[in-house]
Amino acid sequence: MKKKPVTLHMFFFPLWFLVLFAPGVWPLSVPVSLAISLLTLWIALKLQKASAPKKTLFFALIKTWVIGILSYLLLALSFLPVGYLALCSSWWAKEVALPAASEPFSTIEAFLWLTLWFSLSLVLSYWLNKKWTLRKFDLADRQKKRAALILMLGTAPYIFYLPNHILYAGLL
């Protein structure tokens, strides 16, 4: 059986790189992200039977959208230590860095690394939505927790789990 050499080409050009640094991606990703935030906020507030003035809803939408972007950025920043450690260790490069950036389900280490940071981004999203987004709504604490949970699950950065060959199908 022939061993494949360890390369880091997909680490240096994965999806998060496009989202963070490619200006051409923003015109598509911003409206899609805003639409997802709007739909999630509408569902969360409808299920909790919350009502508020349009101004409050507008600012809640902006806050929800910003929190979603922050959770994506937190997950994208998790790749910085992965890349640094990949330069120091060929095992880390082969088992964590390359798979985490391109095929997260190919090794258990990559899946666990991504899941750890994904979980941290979920916790951050839940806490910020509960304390910041829903602050001006007249909701009981239990309702705020439910609404924050819906917002967290609806705006989570699931795309990081998709393999690159699916994300880049037709582009390469």
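Since this is a predicted model, take the numbers as computed values, not measurements.

1. Notes on the overall build of the chain
So, step 1. When helices and strands are tallied, the chain shows nine helices and zero strands.
So, step 2. When the helices and strands of the chain are placed in sequence order, the string is α-α-α-α-α-α-α-α-α.
So, step 3. Per-residue burial over the chain gives 41% buried out of 172 residues.
So, step 4. Excluding contacts between residues fewer than 6 apart, the proportion of contacts in the chain whose partners are at least 24 apart in sequence is 71%.

2. A short note on the confidence of the model for the chain
So, step 1. For the chain, per-residue confidence averages 80 on the pLDDT scale, and 81% of positions sit at 70 or higher.
So, step 2. Confidence, expressed as mean pLDDT per element, reaches its minimum in the chain at helix α1 (residues 9-12) with 38 and its maximum at helix α8 (residues 141-154) with 92.
So, step 3. Here residues 4-15 is modelled with pLDDT under 50, and outside its nearest four sequence neighbours on either side it reaches 28 contacts, counting other chains as well.

3. Focus on α8
So, step 1. Taking 1.5 Å per residue, 14 residues should reach 20 Å; α8 reaches 20 Å between its end C-alpha atoms and fits that length.
So, step 2. Within α8, burial applies to Lys 144, Ala 147, Ala 148, Leu 151 and Met 152. Buried positions in α8, seen along its axis, are confined to an arc of 140° and lie on one side of it.

4. Examining the packing of helix α5 (residues 79-88) against helix α6 (residues 90-102)
So, step 1. Between α5 and α6, the least distance of the axes is 7 Å, while the angle of their chain directions is 150°. It follows from the interaxial angle that α5 and α6 lie roughly antiparallel. Regarding α5 and α6, the two cross each other, and that crossing is left-handed. Within the contact between the two elements, α5 uses Phe 79, Pro 81, Val 82, Leu 85, Ala 86 and Cys 88 and α6 uses Ser 90, Trp 92, Ala 93, Val 96, Ala 97, Ala 100 and Ala 101.

5. Some details on the side chain of Ser 71
So, step 1. Checked against the element boundaries, Ser 71 lands in helix α4 (residues 54-77).
So, step 2. According to the relative accessible area criterion, Ser 71 is buried, its value standing at 2%.
So, step 3. Discounting residues that sit within four places of it in the chain, Ser 71 has contacts with Ser 121, Thr 155 and Pro 157.

6. Description of the pattern of salt bridges
So, step 1. Summed over the entire model, instances satisfying the criterion amount to three salt bridges.
So, step 2. When the shortest N-O distance is used, the salt bridge between Lys 130 and Asp 141 registers 3.7 Å. Highlighted residues: Lys 130 in helix α7 (residues 108-133) and Asp 141 in helix α8, separated in sequence by 11 residues.
So, step 3. Residue Asp 141 is classed as partly exposed on the basis of its relative accessible area, which comes to 43%.
So, step 4. Beyond isolated ion pairs, a larger network of salt bridges with shared partners links Lys 130, Asp 141 and Lys 145.

7. What to know about the packing of α7 against α8
So, step 1. For the pair α7 and α8, interaxial distance at closest approach is 8 Å and the crossing angle is 135°. Considering their axes alone, α7 and α8 lie oblique with respect to each other. Considering only the axes of α7 and α8, their crossing is right-handed. Seen from α7, the contacting residues are Leu 122, Ser 125, Tyr 126, Asn 129, Lys 130 and Thr 133; seen from α8, they are Asp 141, Lys 145, Ala 148, Leu 149, Leu 151 and Met 152.
So, step 2. For the contact of α7 with α8, the class distribution of residues is six nonpolar, three polar and three charged.

Thresholds, definitions, all that
Residues numbered from 1 in each chain as written. Predicted model: local features only at pLDDT ≥ 70, side-chain atom pairs only at ≥ 80, totals over all residues. Heavy atoms only, no water. Helix = DSSP H or I, 4+ residues; strand = E, 2+ residues; numbered from the N terminus. Buried < 20%, exposed > 50% of the residue type's maximum accessible area, 1.4 Å probe, protein only. Contact = heavy atoms within 4.5 Å. pLDDT = per-residue confidence, 0-100. Expected span 1.5 Å × (residues − 1). Arc of directions from axis to C-beta. Axes fitted to C-alpha atoms, helices over the stretch in contact; angles between N-to-C directions. Parallel < 35°, antiparallel > 145°, perpendicular 65-115°, else oblique. Left-handed = near helix turned anticlockwise from the far one by under 90°. Salt bridge = Lys/Arg side-chain N within 4 Å of Asp/Glu carboxyl O. Nonpolar A, V, L, I, M, F, W, Y, C, P; charged D, E, K, R; others polar.

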